[in-house]
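Fold and geometry: a report
Listed here are the chains, written in short residue letters.
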Amino acid sequence: MIRIAPAVDEPRHWLMGSAFYAQRDPLKWIPRWAEKYGDVYTIGSPIGSAMVVASPELARQVLADRYAHYIEKGRSYAVLRILMGNGLVTSSGEFWRGQRKLTQPAFHRRRLDAIFAMMVRRSRAMAERLSKADQALDIAPVFSQLTLEIISEAMFSTDVESEASKVGGYIHILNETALRMLRQPWRFFMPRRFPTPFTKTEFNARASMDAIVHNIIERRRKGGEDHDDLLSMFLSACDEETGKGMSNEQLRDEVMTMFVAGHETTANAMCWLLHLVATHPEIEAKLMAEIDAAGDALDTGSLAAFPYTRQVVEESLRMFPTIWSVGRRCVKEDELGGYHVRPGTTLLIPIFHFHWGEKWWSEPRKFDPDRFLPDRKPSPEIYFPFGAGPRTCIGNQFALQELVIMTVCFLKQLRLRPVEGFPVEPDALITLRPKWGMKLKPEPRW
Ligand code: HEM
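Everything quoted here is computed from the prediction, not taken from an experiment. By convention here, each chain's residues receive numbers from 1 onward along its written sequence. Restriction of local features to residues with pLDDT of at least 70 applies here, the model being predicted, together with a cutoff of 80 or more for giving and counting side-chain atom pairs; totals for whole chains, interfaces and linings are based on all residues. Each side-chain value is worked out from all heavy atoms of the structure, with water and hydrogens disregarded.

Section: the overall build of the protein chain
Here is the rule we go by: Secondary structure counts use DSSP, requiring at least four H or I residues in a row for a helix and at least two E residues in a row for a strand, with both numbered from the N terminus. Radius of gyration: C-alpha atoms only; globule rule: 2.2 Å multiplied by the number of residues to the exponent 0.38. Every residue pair with non-hydrogen atoms within 4.5 Å of one another is taken to be in contact. The positive count covers Lys and Arg only, the negative count covers Asp and Glu only, and His and the chain ends enter neither. Taken as the charge location is NZ of Lys, CZ of Arg, CG of Asp or CD of Glu.
A count of helices and strands for the protein chain gives 16 helices and 12 strands. Expected size for 446 residues packed as a compact globule is a radius of gyration near 22 Å; at 22 Å, the protein chain falls within 12% of this value. Expressed along its principal axes, the backbone C-alpha trace of the protein chain runs to roughly 65 × 55 × 45 Å. Here the contacts in the protein chain between residues at least 6 apart in sequence split such that 75% fall between residues at least 24 apart. Side chains of the protein chain carry 58 positive and 55 negative charges; the gap between the two charge centres is 4 Å.

If you want it as structure tokens, here you go:
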């Protein structure tokens, strides 16, 4: 018999229902409710409800096996549309499929090899700057800046030192706007054109950002030469059947998508990784020994010399999956674990829950990179920091390459020490970021 999924009945906010608690502290409540209500349950609020899918098998059903029933993104992606427009992350259906086909070649191995040296150069320069700091500092803005530099140069290559260098500031403003909308959802109900200092700053940032991106696109279209970067790939991509490429509007949305999806995620992942390494001296020692043994060479051919570094990256993405959940909307009636799913239902897949559950891992809160030894790799059902199914992260290899390079370059030059008494707490907003920043004390190694 098909049943209706149980609804969370406590705790409940008098106005906003259980969704109030889910939004305030999802990392605490989602696992607790899974224990009480089981693999599928509903959280509610006066403005809508969401079905939480808390079993790995059922999560796979939604993301991969029965993908056709869940092709739309969840309601929470509305906030991302502010930043990305209708790009790869936020679009759906046939339109998304076409865009994925057009953008995929930009992430082939050959293209990643081509930007390897740039990632090394930028990471070494930032590590050098950090090694000169004479006191503890918040490394979150440092990595935000570095990952933005990397994605900007990967996207715009030579143009990056001119207008595109201003992009960072605007992306930061738009990111903060999106976060504020998440923290204060009532803003969704305000007319977007209503003039407040908040909307004015957002519109100005967006207009300036659009002007820069459109300018670069225009120049590239006129010039016609290949700059061997992501933008050139996007400009030359065309549909095999129709021969049509992307419009300027679509290019703008894809550029913004790559900027947003490709910098916060890796910047936060680096903060968590360095925090974990700093607080586990025996793992730090093993990691540094591997890095030192490899000498100064760091190119595509030498990546194989860093297997332990790669394990550290994978384990820190388990401990702190920077995309902590993904959302979908049901478009075709389905059944999940014996429960009825109506079209229009919003579903939440809490990736962190599968990475942390005692049902699936021994000592899940222990930082243990050996979980990722080649003969012990965890099943993709319980470990999927880059998502699963057709909508899996297009930038996963880009991100893994970048994280390994940044780890090697920083730990080659410096050791980062924890700061006693500094609170380290994850904040599950769009990404899982350190709530109070990540203060560490850099010490040059040589
Ligand atoms: C540690 C770093 C990263 C993590 C943890 C991460 C995680 C994810 C996850 C979980 C998804 C799936 C979202 C969903 O199913 O709704 C996703 C999608 C996506 N990511 Fe990443 N990502 C990272 C880095 C990057 C980078 C560096 C780029 C680009 C340069 C990127 C671009 C994208 C795009 C465009 C999508 C949408 C793909 C599609 O729907 O076809 N990501 N990412």
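Okay, back to it.
What to know about the coordination of the iron atom of the ligand
For clarity, the cut-off: Coordination here is defined by N, O and S atoms within 2.8 Å of the metal (3.2 Å for Na, K and Ca), and since water is not considered, a site can look incomplete.
Protein coordination of the iron atom of the ligand is limited to a single donor, Cys393 (SG), positioned at 2.3 Å. Relative to the elements of secondary structure, Cys393 occurs in the loop between α15 (351–356) and α16 (396–413).

A few points about the UniProt feature "binding site: heme" (unreviewed entry) in the protein chain
What counts here: UniProt positions are given in the numbering used here, feature names are shortened, and annotations may be inferred rather than shown by experiment.
UniProt annotation of "binding site: heme" (unreviewed entry) refers to Cys393 when read in the numbering used here. Residues within four places of Cys393 in sequence aside, it is in contact with Arg100 and Phe386.

Regarding the pattern of salt bridges
Rules: Each salt bridge in this description consists of a side-chain nitrogen of Lys or Arg and a carboxyl oxygen of Asp or Glu lying within 4 Å of one another. Classification of residues uses two cut-offs on accessible area relative to the type maximum, computed with a 1.4 Å probe and protein chains only: under 20% is buried, over 50% is exposed, and between them is partly exposed.
Across all of its chains, the model carries 25 salt bridges by this definition. Taking the shortest distance from any N to any O, the salt bridge between Glu153 and Arg122 comes out at 2.7 Å. Residue Glu153 is found in helix α7 (residues 140–156), and its partner Arg122 is found in helix α6 (residues 109–131); the two are separated by 31 residues along the sequence. Both residues of the pair, Glu153 and Arg122, belong to the buried class. Sharing partners across several salt bridges, the network here consists of Arg121, Arg122, Glu149 and Glu153.

Things to note about the site of the ligand
Stated precisely, the cut-off is as follows: Nearness is judged by heavy atoms alone; a residue qualifies as near a molecule or strand once a single heavy atom is within 4 Å of it. Distance and chemistry together define a polar contact, namely a pair of N or O atoms within 3.5 Å, with one atom able to donate a hydrogen and the other to accept it when in protein, and with adjacent residues in sequence counting only for side-chain atoms on both sides.
Neighbouring the ligand are 28 residues; Tyr77, Arg100, Arg328, Arg391 and Cys393 lie closest to it. At 3.3 Å, a backbone N or O of Leu88 approaches an oxygen atom of the ligand. Here an oxygen atom of the ligand sits 2.7 Å away from a polar atom, N or O, in the side chain of Arg328. At the level of elements, α5 (93–103), α11 (248–261), α12 (264–278), β5 (326–329) and α16 are the ones that each hand at least two residues to the shell around the ligand.

A few points about the pairing of strand β2 (residues 48–53)
The following threshold applies: In short, DSSP must find at least two bridges between two strands for them to pair.
As defined by bridge partners, strand β1 (residues 40–45) adjoins β2 across six bridges and the pair is classed as antiparallel. Bridging from a neighbouring strand, Ser45 pairs with Gly48 of β2. Adjacent in sequence and paired antiparallel, β1 and β2 are bridged by two residues. Pairing between β2 and strand β8 (residues 346–349): three bridges, direction parallel. Along β8, the bridge assignment pairs Met51 with Leu347.

Looking at the sheet that holds strand β9 (residues 414–418)
As a reminder, the rule being used: For helices, the fitted line uses only the C-alpha atoms of the stretch in contact; every axis is such a line through C-alpha atoms, and the angle between N-to-C directions lies from 0 to 180 degrees.
Sheet architecture is open: three strands sit in the order β4-β12-β9, paired in antiparallel fashion. Here the strands that pair on one side only, and so sit at the sheet edges, are β4 (137–138) and β9. Alignment of β9 against strand β12 (residues 439–444), held across five bridges, turns out to be antiparallel. The residue of β12 that forms the bridge with Leu416 is Pro442. Helix-sheet contacts for α16 involve β9 and β12, and the interaxial angle to β9 is about 90°.

As for the pairing of β8
The side-chain alternation of β8 yields two buried faces, one formed by Thr346 and Leu348 and the other by Leu347 and Ile349. Here four bridges tie β5 to β8, and the two strands are oriented antiparallel to one another. Bridging from a neighbouring strand, Arg328 pairs with Leu347 of β8.

Observations regarding the packing of aromatic side chains
Condition: Stacked, edge-to-face and tilted are the three classes for Phe, Tyr and Trp ring pairs, Trp counted by its six-membered ring, which pair at centre distances within 6.5 Å; planes under 30 degrees apart are stacked, over 60 edge-to-face, the rest tilted. Look at NZ for Lys and CZ for Arg. If either is within 6 Å of the ring centre and within 35 degrees of the ring normal, a charge sits over the ring.
Under the criterion given, the structure shown has 15 aromatic pairs. Aromatic ring contacts, followed pair by pair, group Phe20, Tyr21, Trp29, Trp33, Tyr37 and Tyr41 into a single cluster. Over the ring of Trp361 we find Arg318, and its NZ or CZ is 4.9 Å from the ring centre. Taking NZ or CZ as reference, Arg365 lies 5.9 Å from the ring centre of Phe320, over its face.

Some details on the environment of Gly338
In this structure, Gly338 sits in the loop between β6 (334–336) and β7 (339–341). Residues contacting Gly338, with those up to four places away along its chain left out, are Met1, Ile2 and Arg3.

Examining the sheet that holds β5
An order of β1-β2-β8-β5-β3 is seen for the five strands of this open sheet, with the pairing classed as mixed. For this open sheet the edge positions go to β1 and β3 (72–73), each flanked by a neighbour on one side alone. Across the sheet, helix α2 (residues 26–37) is in contact with β1, β2 and β8; its angle to β1 comes to roughly 125°. Each of β1, β2, β5 and β8 touches helix α3 (residues 56–65); the most contacted strand, β8, lies at about 125° to it.

As for the packing of helix α14 (residues 307–319) against α16
Our working definition: By convention the crossing between two helices is left-handed if the near helix lies anticlockwise of the far one by an angle smaller than a right angle, and right-handed if it lies clockwise. Any residue that is not Ala, Val, Leu, Ile, Met, Phe, Trp, Tyr, Cys, Pro, Asp, Glu, Lys or Arg is counted as polar, Gly included; the first ten are nonpolar and the last four charged.
Between α14 and α16, the shortest axis-to-axis distance is 10 Å and the interhelical angle comes to 115°. Handedness of the α14/α16 crossing: right-handed. Here α14 contributes Thr309, Arg310, Val313 and Leu317 to the contact with α16, which in turn contributes Leu400, Leu403, Val404, Thr407 and Val408. Classifying every residue of the contact of α14 with α16 gives six nonpolar, two polar and one charged.

Things to note about the packing of helix α13 (residues 281–293) against α14
Let me state the cut-off plainly: An angle below 35 degrees is treated as roughly parallel, one above 145 as roughly antiparallel, one from 65 to 115 as roughly perpendicular, and anything else as oblique.
Between α13 and α14, the least distance of the axes is 8 Å, while the angle of their chain directions is 140°. With respect to their mutual orientation, α13 and α14 come out oblique. Residues Ile283, Lys286, Leu287, Glu290 and Ile291 of α13 form the contact with α14, whose own contacting residues are Pro307, Tyr308, Thr309 and Val312. For the contact of α13 with α14, the class distribution of residues is six nonpolar, one polar and two charged.

Points about the environment of Arg445
Its location among the elements puts Arg445 in the segment after β12. Sequence separation between Arg445 and Leu80 is 365 residues, and the spatial gap between their C-alpha atoms is 40 Å. Once you skip the residues sitting within four places of it in the chain, Arg445 turns out to touch Met288, Asp292, Leu411, Lys412, Gln413, Leu414 and Arg415. Separated by 2.8 Å, the side chain of Arg445 and the backbone oxygen of Leu411 make a polar contact.

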